[in-house]
Amino acid sequence: MGKSIEAAVLRQSGKPYVIERVILDAPQEHEALVRIEACGICHMDIDGPSLCSLPAVFGHEGVGIVEAIGAKASVNVGDRVILGYGSCNRCPSCMQGHPFYCDKSWEVTFGGRRLDGSPTIRDNSDSPLHAAFFQQSSFATHAIVPDHCLVAMPADVPAEVGASITCGVMTGAGAILNVLDVKAGETVLIVGAGAVGLGAIMTARKAGAGAILVADVRDGRLEMARELGATATFNPRMGAMHEWVMAQTSRGVGKLLETSGNAAAFEDAIASLRTGGHMAYAILPSPMEEYTLKPMPLFEKAARFEALSFGNSVPHDLYPKMLEWWQAGEFPVDRLISTFSFSDINQAMEHTRTGDVIKAVLLMEATDAE
Ligand SMILES: [Zn+2]
Ligand SMILES: [Zn+2]
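Worth saying up front: this structure is predicted, and the values here are computed from it rather than measured. (Residues numbered from 1 in each chain as written. Chains lettered and ligands numbered in written order. Predicted model: local features only at pLDDT ≥ 70, side-chain atom pairs only at ≥ 80, totals over all residues. Heavy atoms only, no water.)

Trainee: Pulling in residues and values, what's your account of the overall build of the protein?
Mentor: Along the backbone of the protein there are 13 helices and 16 strands. Expected size for 370 residues packed as a compact globule is a radius of gyration near 21 Å; at 20 Å, the protein falls within 12% of this value. With the C-alpha coordinates of the protein rotated into their principal frame, the extents come out at 65 × 40 × 40 Å. Relative to its 370 residues, the protein shows a buried fraction of 56%. Summing over all exposed atoms, the protein offers an accessible surface of approximately 15,100 Å²; the carbon and sulfur share of this is 52%. Of the side chains in the protein, 29 bear a positive and 43 a negative charge, and the two mean positions are spaced by 4 Å. (Helix = DSSP H or I, 4+ residues; strand = E, 2+ residues; numbered from the N terminus. Rg over C-alpha atoms; globule rule 2.2 N^0.38 Å. Buried < 20%, exposed > 50% of the residue type's maximum accessible area, 1.4 Å probe, protein only. Areas by Shrake-Rupley, 256 points an atom, 1.4 Å probe, with all protein chains shown as cover. Lys, Arg positive; Asp, Glu negative; His and termini not counted. Charge placed at Lys NZ, Arg CZ, Asp CG, Glu CD.)

Written as structure tokens, this is what we have:
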């Protein structure tokens, strides 16, 4: 028996979302049905139509309360949870505790179905929609989520704070802790001050980095970066970033996080590395831009280039850590948040696209419709 819910459906690229009454499937054995309290908006939702077929229900930064469970689910009805990214929970990487390297990563994220091929959402005329986006599709009042993707969330954390740490901020935090392994006193360059970059800045400060260099083409974002811990900032509209980095460091940086997804910034970033430097690449590249990855500059510097998946983070480890830091006042992620009601999803998407909000979070109203 399915459940009648409301979901924001995108039927055609470039057209507005329409909130439709749709049917959400009942949870399978290892799934939970979660009533969504809040869901963040991210550029991967905006790029959704180029990654996933339409009509679709996007949304992958959900927080909510478990309302129903399958027979073997590892969570309980009433649990408050943050939804993690999808993984198969079966492949060797998942079994080794590295779900970010899941063999089925692309399929569970953008496949539009459960891994067994079944749809989770049907529309009013009983046609399946492309859903299970990141195994959640949480631009909706309710979502079906595999139990292994659910992380407990304390009752006293506001829903929008929980939603804001899930994807971009976790990616930035994971890049600093798990990949670049930034230590006290070290220098790190962070390119791009969106949710990923700002999450990385807060984490680098928490890790005691000596110098946190930040570049972004938006002066407002650089101001926010300084407030959150950047020690020096640069706007690449003023010139070549690598020249600024060389002036700051004399030899280039050993640890660099690229989060801008911009082709020109990419080459400038490689030129900013010192010999033996490590560049982490954390963001979906813009599908509209041509990249030229020239091996010579990397070879000359014996540099390490590493593409990341969710900052190589495990939500069960990193969500509780970030929330503890937030509660201790050491991770002011609330500074990034602007909330919108679910019915204003189109405005929230537009503000995200233009960049005049950093982390838009939709707040869903509780409905009791069956
Ligand atoms: Zn995201
Ligand atoms: Zn897997």
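Further notes follow.
Trainee: Got a sec to walk through the sheet that holds strand β2 (residues 18–24)? Specific residues and values, please.
Mentor: In spatial order, the strands read β1-β2-β6; together these three strands make up an open sheet with antiparallel pairing. Where the open sheet ends on each side, the last strands, each with one partner, are β1 (3–9) and β6 (121–122). Relative to β6, β2 runs antiparallel, the two sharing two bridges. What sits directly across from leucine 24, in β6, is isoleucine 121. (Pairing = 2+ DSSP bridges.)

Trainee: Please set out the pattern of salt bridges residue by residue, giving values where relevant.
Mentor: One side chain can pair with another of opposite charge once the charged atoms of both are near each other. On inspection of all chains with the given rule, the structure shows 17 salt bridges. Across the pair arginine 114 and glutamate 31 runs a salt bridge whose closest N-O atoms are separated by 2.7 Å. One end of the pair, arginine 114, is in the loop between α4 (105–110) and β6; the other, glutamate 31, is in strand β3 (residues 31–40), and 83 residues separate them in sequence. Exposure class is identical for arginine 114 and glutamate 31. Each is buried. One salt bridge connects aspartate 181 with lysine 183, and the closest N-O pair in it is separated by 2.7 Å. A relative accessible area of 41% means that lysine 183 is categorised as partly exposed. Within this structure, Lys3, Arg35 and Glu67 form a network of salt bridges that share partners. (Salt bridge = Lys/Arg side-chain N within 4 Å of Asp/Glu carboxyl O.)

Trainee: Can you explain the packing of aromatic side chains? Please cite residues and give values.
Mentor: For the coordinates displayed, the defined rule picks out 14 aromatic pairs. Between the aromatic rings of phenylalanine 266 and phenylalanine 305, the centroid separation amounts to 5.7 Å while the plane-to-plane angle is 80°, which identifies the pairing as edge-to-face. Taken together, the residues phenylalanine 266 in helix α10 (residues 263–271) and phenylalanine 305 in strand β14 (residues 304–307) connect sequence positions 39 residues apart. A relative accessible area of 5% places phenylalanine 266 in the buried class. One aromatic cluster is present, built from ring pairs that chain together Phe58, Tyr85, Trp106, Phe110, Phe133, Phe134 and Phe310. (Phe/Tyr/Trp six-rings, centres within 6.5 Å; stacked < 30°, edge-to-face > 60°.)

Trainee: For the packing of helix α6 (residues 168–179) against helix α7 (residues 195–206), give the residues involved together with the corresponding values.
Mentor: The contact between α6 and α7 brings their axes to 7 Å, and the two run at 45°. With respect to each other, α6 and α7 are oriented oblique. The interaxial crossing formed by α6 with α7 has right-handed handedness. Across the interface between the two elements, Gly168, Val169, Thr171, Gly172, Ala173, Ile176 and Leu177 of α6 pack against Ala195, Val196, Gly199, Ala200, Thr203 and Ala204 of α7. Residues belonging to the contact of α6 with α7 are distributed by class as follows: eight nonpolar, five polar and no charged. (Axes fitted to C-alpha atoms, helices over the stretch in contact; angles between N-to-C directions. Parallel < 35°, antiparallel > 145°, perpendicular 65-115°, else oblique. Left-handed = near helix turned anticlockwise from the far one by under 90°. Contact = heavy atoms within 4.5 Å. Nonpolar A, V, L, I, M, F, W, Y, C, P; charged D, E, K, R; others polar.)

Trainee: Which residues make up the coordination of the zinc ion (ligand 2), and what values do they have?
Mentor: Geometry reference: four tetrahedral donors at a metal, ideal angle 109.5 degrees. Six octahedral donors, ideal angles 90 or 180 degrees. The coordination sphere of the zinc ion (ligand 2) contains the protein donors Cys88 (SG), Cys91 (SG), Cys94 (SG) and Cys102 (SG), at a distance range of 2.3 to 2.4 Å. Considering all four donor atoms around the zinc ion (ligand 2), the spread of angles at the metal, 103 to 118°, places the coordination shape in the tetrahedral class. The sequence motif formed by the donor residues of the zinc ion (ligand 2) is C-x2-C-x2-C-x7-C. Taken together, the positions of cysteine 91 in the loop between β5 (80–83) and α3 (92–95) and cysteine 102 in the loop between α3 and α4 put the pair 11 residues apart, joining distant regions of the chain. Residues cysteine 91 and cysteine 102 agree in their burial class; the two are buried. (Donors = N, O, S within 2.8 Å, 3.2 Å for Na, K, Ca; no water. Tetrahedral: all angles 85-135°; square planar, octahedral: opposite > 155°, others 65-115°.)

Trainee: Which residues make up the packing of α7 against helix α8 (residues 219–228), and what are the values?
Mentor: It is at 9 Å that the axes of α7 and α8 come closest, and there the two elements cross at 20°. As the angle between them shows, α7 and α8 are arranged roughly parallel. When the axes of α7 and α8 are compared, the crossing they make is right-handed. Residue-level contacts link Leu198, Ile201, Met202 and Arg205 of α7 to Met224, Ala225, Glu227 and Leu228 of α8.

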